[in-house]
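Fold and geometry: a report
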Amino acid sequence: MSFHNDKIAYFFIAFALYLLIRAFAESSSGSLTIILLYVSIAISLLASNVPRVMDIPLHCVYPVRCVEIFSFGLAIVCFIALCMHYIFLFE
């Protein structure tokens, strides 16, 4: 069962790297909220999946978890801001 979990974790890591590359590619033309959304989702995915496939020291577990929670919260805030922007744009 652990082998399938590793495959899923590697998929999410690859998806996070794709989001980072996309955010940096769109950094000159995209809006700041979308770029921040991509980066925060990528950081949250990396912080939650890298410890599953790699051994990290125990003293680093809590800071990585804090980064994961903060970046996930930031992604939610960016998503709500984008939704509000598009709702008020089309009214």
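Residues numbered from 1 in each chain as written. Predicted model: local features only at pLDDT ≥ 70, side-chain atom pairs only at ≥ 80, totals over all residues. Heavy atoms only, no water.

Overview of the environment of threonine 33
Just so we agree on the cut-off: Secondary structure elements follow DSSP: runs of H or I of four or more residues count as helices, runs of E of two or more count as strands, with numbering from the N terminus. It only takes one pair of heavy atoms within 4.5 Å for two residues to be counted as in contact.
Tracing the backbone shows threonine 33 in helix 2 (residues 32-53). With 22 residues separating them in the primary sequence, threonine 33 and phenylalanine 11 have C-alpha atoms 25 Å apart. In this view, threonine 33 contacts Cys78, Ala81 and Leu82; residues no more than four positions away in its chain are not counted.

What about the packing of aromatic side chains?
Any pair of aromatic rings gets described here by the distance separating the centres and the angle formed by the planes. We count it as follows: What counts as a ring pair is set by centres within 6.5 Å for rings of Phe, Tyr and Trp (its six-membered ring), and what kind of pair is set by the plane angle: stacked under 30 degrees, edge-to-face over 60, tilted for all other angles.
Per the stated rule, a full pass over the model turns up two aromatic pairs. A ring pair is formed by phenylalanine 11 and phenylalanine 12, whose centres lie 5.6 Å apart and whose planes are at 55°; its orientation type is tilted.

Points about the nonpolar core
Basically, it comes down to this: Only buried residues count toward a nonpolar core, which is a set of Ala, Val, Leu, Ile, Met, Phe, Trp, Tyr and Cys residues joined through side-chain atoms within 4.5 Å. Accessibility here uses a 1.4 Å probe with only protein chains present; expressed as a share of the type maximum, an area under 20% marks a residue as buried, one over 50% as exposed, and anything in between as partly exposed.
Ala16, Leu19, Leu20, Ala23, Ile35, Tyr38, Ala42 and Leu45 together form the largest nonpolar core, which totals eight residues. Contributing elements (two or more residues each) for this core: helix 1 (2-25) and helix 2. If we skip the residues at most four places from it in the chain, tyrosine 38 touches Leu19, Arg22, Ala23 and Glu26.

Things to note about the pattern of salt bridges
Test applied: Salt bridges are identified by distance alone: a Lys or Arg side-chain nitrogen within 4 Å of an Asp or Glu carboxyl oxygen.
Applying the stated criterion across every chain, the model contains two salt bridges. In this structure, arginine 65 and glutamate 68 form a salt bridge, with 3.2 Å as the shortest nitrogen-oxygen distance. With arginine 65 and glutamate 68 both in helix 3 (residues 61-89) and three residues apart, the pair spans about one turn of that helix. For arginine 65, a relative accessible area of 45% corresponds to the partly exposed category. Given a relative accessible area of 17%, glutamate 68 falls into the buried group.

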